[in-house]
Amino acid sequence: MNTIIVWFRQDLRLSDHPALQAAARDGERCIPVYIHDDGAAGTWAPGGASRWWLHHSLEKLDQQLRELGGHMVFRNGATADLLRELCEETGATAIYCSRRYEPWAAQQEQDLHALLADHDLTLRRYPGSLLHEPGSVLTQGGDPFKVFTPFWRACQRNTVAKPLPVPELSLTTDIQSDSLESWGLLPQKPNWAQHWPEYWSPGEEGGRARLEEFLDESVGQYAAERDLPAVKGTSRLSPHIHFGELSPRMIWDRCEQYTAGAISDSESISKFQAELGWREFSYHLLHFFPTIPEASFKDNFEEFPWIHDEGRIHAWQRGQTGYPIVDAGMRELWSTGHMHNRVRMVVASFLCKHLLTHWRVGEDWFWDTLVDADLASNGCSWQWVAGSGADAAPYFRIFNPVTQGEKFDKQGEYVRHWVPEIAGLPDKFLHKPWETPPMILEEAGISLGDDYPHPLVDHKQARQSALDAYETIKLSKP
Ligand code: FAD
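Each chain has its residues counted from 1, running along the sequence as written. In keeping with the predicted nature of the model, local features appear solely for residues at pLDDT of at least 70, side-chain atom pairs appear and are counted solely at 80 or more, and the whole-chain, interface and lining totals rest on all residues. Each side-chain value is derived from all of the structure's non-hydrogen atoms; neither hydrogens nor water enter the calculation.

(A) Just the overall build of the chain, in detail. Runs of H or I in DSSP of at least four residues are treated as helices and runs of E of at least two as strands, each being numbered from the N terminus. The number of helices and strands found in the chain is 22 helices and five strands. Over its C-alpha atoms, taken along the principal directions, the chain stretches across nearly 80 × 50 × 50 Å. Whether a residue is buried, partly exposed or exposed follows from its accessible area with a 1.4 Å probe, protein chains only, as a fraction of its type maximum: under 20%, in between, or over 50%, in that order. Burial analysis of the chain (478 residues in total) assigns 55% to the buried set. Only heavy atoms matter for contacts: two residues are in contact if any of them lie within 4.5 Å across the pair. In the chain, 79% of the contacts between residues at least 6 apart in sequence involve partners at least 24 apart. Accessible surface, the chain: about 20600 Å² in total, of which carbon and sulfur atoms supply 50%. Neither His nor the chain ends is counted toward charge; the positive residues are Lys and Arg and the negative residues Asp and Glu. Think of each charge as sitting on NZ of Lys, CZ of Arg, CG of Asp or CD of Glu. Distance from the positive charge centre (45 side chains) to the negative charge centre (67 side chains) of the chain: 5 Å. Method for areas: the Shrake-Rupley scheme with a 1.4 Å probe, in which residue coverage is limited to the protein chains shown.

Here you go:
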């Protein structure tokens, strides 16, 4: 019997899955496998929040397979050894998988390919995680794009294929599998994720439901409301996309259907699609410039005089900086595993520019705490904010956390929700509590320094220090 192993990785769905589709076509029996191999990813093994999501997503995928008469084979350990053993155990001669683009994963694919070939086993890699494979969109000179706008324009000249249906699979139930619980992916003592099921439904079905909800309720206002953290104005699809529960093609196709039906505002749809474009751009950059998660894209930033102050970093992580919009964002992250994009930009800018902390410190914290932590998007976004990345925000453009709060959280709903200790302040002072007259503070029952911290740094001074620090690398390497 021709048996094919489908090695699931960051593609935890059954629909629009080219590797699964090919296995159903080529094999008489298909064995779905997921291998938990932290060693392979090294320092980029999933962080705490991602592990929570991964557990639930795998549980859901296993349920889907059980409904089709099979199950997911869970194994824990070194991927290459386990895949080879599984081939021996089941008589499989080929392993099909979706391609990944993280440097460690791409290397793993290469090594595995060579190792399996020595044993007359085949590894076939399929696309499925991107709209456009890296290398399929290049400049006229054949180079990788380093600027988003021409990249996205070029992408739009390519067509996006329709998503594939769930294939008919011939599955079995007789292969030994670890229990998912034995991997210990869920937090125990304390269980900091106990409320997360109120925010999230990991899995393909949960992803589809969220997409439909977004298309029904929010996409029409996306262009106008996507920057307002108090409003449900963005899709919150990022963890579903990251774990491959929805392919970008599935989302793209639903957007096209919406545009064709003219049910929604097409400017908003295009804006939303362009955000998927930023994800594509990040992956494309990671593929061609694999050191992005670890080293500044612009060389001169390697000389930047960063400061490492544990106390300040801790205050930032815990939402105790004294700047309400920053603290609200960091607390939203801690409580839900997510943070609104506008606020991500503000807190990242605050860390790198107001506190002069290396962007890698922020990248690591996000890696551990975000449910959508993604090597490509996280690395590129941190470098974008820090000013060190490709097509980055200019370093000298330093977000003022007070005006950002006043502009994007005008009525203060977001800050009042996440920083309840200052909820009693009038709108006028909510984003700058230190300017509140003592009488008003007293009326609101707030003692600054006790109930809520004084600002960690003075905005004007911090801004000047950031600009001075930037001068040092600007002069040394223009
Ligand atoms: P929507 O606005 O609904 O966008 C739709 C989808 O487009 C998102 O789900 C996401 O897949 C993609 N997307 C949107 N904006 C971006 C962007 N700037 N870059 C890349 N893809 C984007 N996104 C991650 O998925 N993982 C990360 O680890 C991550 N880290 C970030 C770190 C910083 C410092 C910043 C500023 C941004 C980061 N982002 C990251 C990008 C962005 O903030 C999130 O993708 C977005 O907030 C997810 O919410 P949403 O699904 O509601 O987005």
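There's more to say after this.
(B) Spatial organisation of the pairing of strand β2 (residues 29-36). Burial analysis of β2 places eight of its eight residues in the buried class, which makes it a mostly covered element. Side chains of β2 alternate between two faces, with Arg29, Ile31, Val33 and Ile35 and Cys30, Pro32, Tyr34 and His36 buried alike. Bridging between strand β1 (residues 3-8) and β2 involves six bridges; their strand directions are parallel. Paired with threonine 3 across the bridge in β2 is arginine 29. The handedness rule is simple: strands pointing away from the viewer, and a clockwise path from the first strand over the helix to the second, make the crossover right-handed. Between the parallel pair β1 and β2, the chain is carried across by helix α1 (residues 18-26), and the sense of this crossover is right-handed. At least two bridges found by DSSP between two strands are what make those strands a pair. Pairing between β2 and strand β3 (residues 73-76): four bridges, direction parallel.

(C) Highlighting the nonpolar core. The term nonpolar core refers to a set of buried residues drawn from Ala, Val, Leu, Ile, Met, Phe, Trp, Tyr and Cys, joined through side-chain atoms within 4.5 Å. Core analysis: the biggest nonpolar cluster contains 56 residues, and Phe304, Trp316, Val326 and Phe366 have the highest contact counts within it. Those elements that provide at least two residues to this core are α5 (103-118), α14 (324-336), α15 (341-354), α16 (359-369), α17 (375-386), α19 (413-418) and α22 (459-476). When residues of this core are assigned to their parent elements, the largest contribution, seven residues, is made by α15. The contacts of tryptophan 316, once residues within four sequence positions are left out, are Thr321, Val326, Met330, Val347, Phe350, Leu351, Leu355, Gly362, Trp365, Phe366 and Trp382. Counting 33 residues, the second largest nonpolar core, distinct from the first, contains Leu65, Tyr96, Leu185 and Ala193.

(D) Fine view of the side chain of histidine 242. With respect to the helices and strands, histidine 242 occurs in helix α10 (residues 238-242). Ignoring sequence-local partners within four residues, the contact set of histidine 242 consists of Gln10, Asp372, Ala373 and Asp374.

(E) Focus on the sheet that holds β1. Read from one edge to the other, the open sheet built from five strands follows the order β3-β2-β1-β4-β5, with strand pairing classed as parallel. Two strands in the sheet have a free side with no partner beyond their single neighbour: β3 and β5 (122-126). For this sheet the average axis-to-axis angle between neighbouring strands, irrespective of direction, equals 30°. As paired elements, β1 and strand β4 (residues 94-98) share four bridges and run parallel to each other. In the strand pairing of β4, valine 6 is matched with tyrosine 96. As a rule, the C-alpha atoms of each element are fitted with a line to give its axis, helices using only the stretch in contact, and angles between N-to-C directions run from 0 to 180 degrees. Across the face of the sheet, helix α4 (residues 79-90) comes into contact with β1, β2, β3 and β4 while running at roughly 155° to β1. Most of the contacts of α5 go to β5, to which it runs at about 150°, and overall it touches β1, β4 and β5.

(F) Highlighting the packing of α15 against α17. Between α15 and α17, the least distance of the axes is 9 Å, while the angle of their chain directions is 60°. Viewed along their axes, α15 and α17 adopt a mutual orientation that is oblique. The crossing of α15 and α17 is right-handed. For the pair formed by α15 and α17, the contact residues are Met345, Ala348, Ser349, Leu351, Cys352 and Lys353 on the first element and Trp382, Trp384, Val385 and Ala386 on the second. Its residues assigned to classes, the contact of α15 with α17 shows eight nonpolar, one polar and one charged. Angle categories: roughly parallel below 35 degrees, roughly antiparallel above 145, roughly perpendicular from 65 to 115, and oblique for all the rest. Handedness of a crossing follows from how the near helix is turned relative to the far one, being left-handed for an anticlockwise turn of less than a right angle and right-handed for a clockwise one. By the convention adopted, Pro, Cys, Tyr, Trp, Phe, Met, Ile, Leu, Val and Ala count as nonpolar, Lys, Arg, Asp and Glu as charged, and the other residues, Gly among them, as polar.

(G) Fine view of the site of the ligand. Any residue with a heavy atom lying within 4 Å of a molecule or strand is counted as near it. In the neighbourhood of the ligand, 27 residues make up the surrounding shell, with Tyr222, Thr234, Ser235, Arg236 and Asn341 lying closest. Separating a nitrogen atom of the ligand from a side-chain N or O atom of glutamate 275 is a distance of 3.1 Å. Between N or O atoms, a polar contact is any pair within 3.5 Å; within protein, one atom must be a potential hydrogen donor and the other a potential acceptor, and residues adjacent in sequence are included only when both atoms are from side chains. Within the contact set of the ligand, a nitrogen atom lies 2.9 Å away from a backbone nitrogen or oxygen of aspartate 372. Protein contacts shield 95% of the accessible area of the ligand, which totals 810 Å² for the unbound molecule. Going through the elements one at a time, α10, α12 (266-288), α15 and α17 are the ones with two or more residues in the shell around the ligand. Among the elements that line the shell around the ligand, the one with the most residues is α12, at six residues.

(H) Molecular detail of the packing of aromatic side chains. Two rings from Phe, Tyr or Trp (for Trp, the six-membered ring) form a pair when their centres sit within 6.5 Å of each other. Planes less than 30 degrees apart are called stacked, planes more than 60 degrees apart edge-to-face, and all others tilted. Following the criterion strictly, the structure yields 33 aromatic pairs and no others. Each ring, one from tryptophan 52 and one from tryptophan 196, has its centre 5.3 Å from the other, and the planes form 80°; the classification is edge-to-face. Of this pair, tryptophan 52 sits in helix α3 (residues 48-67) while tryptophan 196 is found in helix α7 (residues 196-199), placing the two residues 144 residues apart along the sequence. By relative accessible area, tryptophan 52 is classed as buried at 4%. Judged by centre distance (5.5 Å) and plane angle (65°), the ring pair of tryptophan 53 and tryptophan 200 falls under edge-to-face. Of the two residues, tryptophan 53 is situated in helix α3 and tryptophan 200 in the loop between α7 and α8 (204-217); the sequence distance between them amounts to 147 residues. The two residues tryptophan 53 and tryptophan 200 agree in class, both being buried. Members of the aromatic cluster, each reached through a chain of ring pairs, are Phe145, Phe148, Phe151, Trp152, Trp252, Trp278 and Phe281.

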